[in-house]
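Coordinates in review
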Amino acid sequence: MEEIYQELGISPAVLRRGETVLEGLKERFEAVDRVAEYNQAKVLAAMQKHRVSAACFAATTGYGYGDVGRDVLEKVYADTFHTEAALVRPQIACGTHALAVALSANLRPGDELLSPVGRPYDTLEEVIGIRPSPCSLAEYGVTYREVGLKPDGRFDYDGIRAVITPNTRLITIQRSKGYAERPSFSVAQIGELIAFCKEIKPDVLCMVDNCYGEFVERMEPSDVGADMIVGSLIKNPGGGLAPIGGYICGTGECVSRCAYRLSAPGLGQEVGASLGVLPALYQGFFLAPTVVAGALKGAIFAAKLYEGMGFRVIPGGDEERHDIIQAVELGSEKGMLAFCEGIQAAAPVDSAAVPVPWDMPGYEDPVVMAAGAFVQGSSIELSADGPIRPPYAVFFQGGLTWYHAKLGILQSLQKLADAGLVKL
Ligand SMILES: *Cc1c(COP(=O)(O)O)cnc(C)c1O
């Protein structure tokens, strides 16, 4: 083992450090595997119930009328996430697009959007119009309010109660912390928040940005009252195989409005050719529970390893996880770059590339990203990124296999050690 790792550039000292950390993680990893087993059964049951067959894998072109594979896939998603309906489409370009569709389809001029969990993910600032942007919700007369979390990371129930008005139409709850330094929320916590909001205003719609959360727990936010859950297929539910796409699962009414917004009023879910990507979407969804389990093991391993080296990690090494993201505060731009170099060097694709920060569309600060992925930008594949700003945290996620995630983390530590930023 030492030899093969050395061939990959991992010194015996780094490997030993990793092995010591792993000895303490057996029980944690077993718990992760049990969740994966449960979720695998859930996906399989949905596929069997809807009689997935070879006929579902055919490619359609043009309008895509009567695309059986597309329609069955949407039923499989809806059933797995226990919702009335689902929109699962390659025409949804990414997670931000899925969220923008869900919001703009279900908010009308004069409505107010509320985020009771603080500032949403960077790219949503322009969707909402927090940062002025052409075609934002603000331009169409949708107002926005947010209530931050309490200093201890809990929901500010009094603050939320105070801002829910007759105009509050939709409440957006982001499950994962994104690039923020708050904790990610458990499905149970999200359920409590939804129940609280609906008690104050029973007809308010609750949408959960489910990015990076799918299959981390046995339940999803749609099991605890969310009217819509929304995510990207190049994150968890695509299982690493989906080459593109996004999903919106929820009530029949919300989802059909989303379909009209995505295509056109009157057309809705009836159009949208699948262009041959359906086999990857089915197979990816089938693999997703185990892929997510591998990614979770990588996140836990990274947390324990870096915590042991004296870095602040979010979540902490022993904390429960609600998404696949692991933040490590490296304290300097140099540290971020070394960490990302390691992740890049461990990749199966583009391992010789050196990540450099750039001004990504939709983000305010330069962002450094490391990913040697089969699907460009896929962050269910091993990847690390972060905006270059204090406290200089990298957000690490993914890994199609646990062993690859492990190598990436060892490689990141190796690069930090080589740069003299840590002592082993
Ligand atoms: C990734 C992500 C998004 C945006 O998804 P893209 O596919 O990058 O557009 C939104 N919210 C959260 C919490 C995310 O992690």
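Attention here is on the structure that accompanies the text. This structure is a prediction, so every number in the text was calculated from the model and none was measured. (Residues numbered from 1 in each chain as written. Predicted model: local features only at pLDDT ≥ 70, side-chain atom pairs only at ≥ 80, totals over all residues. Heavy atoms only, no water.)

1. So, the overall build of the protein chain
Counting its regular elements, the protein chain contains 12 helices and 12 strands. For 424 residues, the compact-globule estimate of 2.2 N^0.38 gives 22 Å, and the protein chain sits close to it at 21 Å. Dimensions of the protein chain, computed from C-alpha atoms along their principal axes, come out at roughly 60 × 55 × 40 Å. Classification of the 424 residues of the protein chain by burial places 57% in the buried group. (Helix = DSSP H or I, 4+ residues; strand = E, 2+ residues; numbered from the N terminus. Rg over C-alpha atoms; globule rule 2.2 N^0.38 Å. Buried < 20%, exposed > 50% of the residue type's maximum accessible area, 1.4 Å probe, protein only.)

2. What to know about the sheet that holds strand β9 (residues 326-329)
Think of a sheet as strands paired side by side through backbone hydrogen bonds, with each pair either parallel or antiparallel. Strands sit in the order β8-β9-β12-β11-β10 across an open sheet of 5 strands; the sheet is antiparallel. Each edge of the open sheet is held by one strand with a lone partner, namely β8 (312-314) and β10 (367-371). Averaged over neighbouring strand pairs, the angle between their axes works out to 20 degrees when direction is ignored. With 3 bridges joining them, β8 and β9 adopt antiparallel strand pairing. (Pairing = 2+ DSSP bridges. Axes fitted to C-alpha atoms, helices over the stretch in contact; angles between N-to-C directions.)

3. Re empty space enclosed by the protein
Tallied over the full model, the rule gives 1 cavity of 30 Å³ or more. For the largest cavity, the calculated volume is near 50 Å³. Residue lining of the largest cavity: Ser115, Val117, Gly118, Arg119, Pro120, Leu124, Thr172, Ile173, Gln174, Arg182 and Asp209, and that is the complete set. For the lining of the largest cavity, the element with the most residues is strand β4 (residues 168-174), which contributes 3 residues. For the lining of the largest cavity, the residue count by class is 4 nonpolar, 4 polar and 3 charged. (1 Å grid on protein atoms, 1.4 Å probe; cavity = no way out; pocket = protein on both sides within 12 Å on 5 of 7 lines; lining within 4 Å. Points joined across faces, edges and corners; volume = space filled by probe spheres on them. Nonpolar A, V, L, I, M, F, W, Y, C, P; charged D, E, K, R; others polar.)

4. Brief notes about the layout of surface pockets
By volume, the largest pocket is sized at about 1000 Å³. Forming the walls of the largest pocket are 41 residues, and the residues nearest its centre are Ile234, Met360, Tyr363, Met369 and Gly377. Mapped by element, the contributors of at least two residues to the lining of the largest pocket are α5 (95-106), β10, β11 (383-387) and β12 (393-397). Here the residues of the lining of the largest pocket are counted per class, giving 22 nonpolar, 15 polar and 4 charged.

5. Things to note about the site of the ligand
Around the ligand, the neighbouring residues are Cys94, Gly95, Thr96, Leu99, Tyr121, Gln174, Asp209, Cys211, Tyr212, Ser232 and Lys235. Taking Gly95, its main chain carries an N or O atom lying 2.7 Å from an oxygen atom of the ligand. Separating an oxygen atom of the ligand from a side-chain N or O atom of Thr96 is a distance of 2.6 Å. Protein chains shield 90% of the accessible area of the ligand, which is 380 Å² for the free molecule. Among the cavities detected, the one that contains the ligand is the largest pocket. In terms of residues, the shell around the ligand owes the most to one element, α5, which gives 3 residues. Partitioned by chemical class, the residues of the shell around the ligand number 5 nonpolar, 4 polar and 2 charged. (Near = heavy atom within 4 Å. Polar contact = N/O pair within 3.5 Å; in protein donor to acceptor, adjacent residues only side chain to side chain. Areas by Shrake-Rupley, 256 points an atom, 1.4 Å probe, with all protein chains shown as cover. Sits in = over half its atoms within 2 Å of the grid points.)

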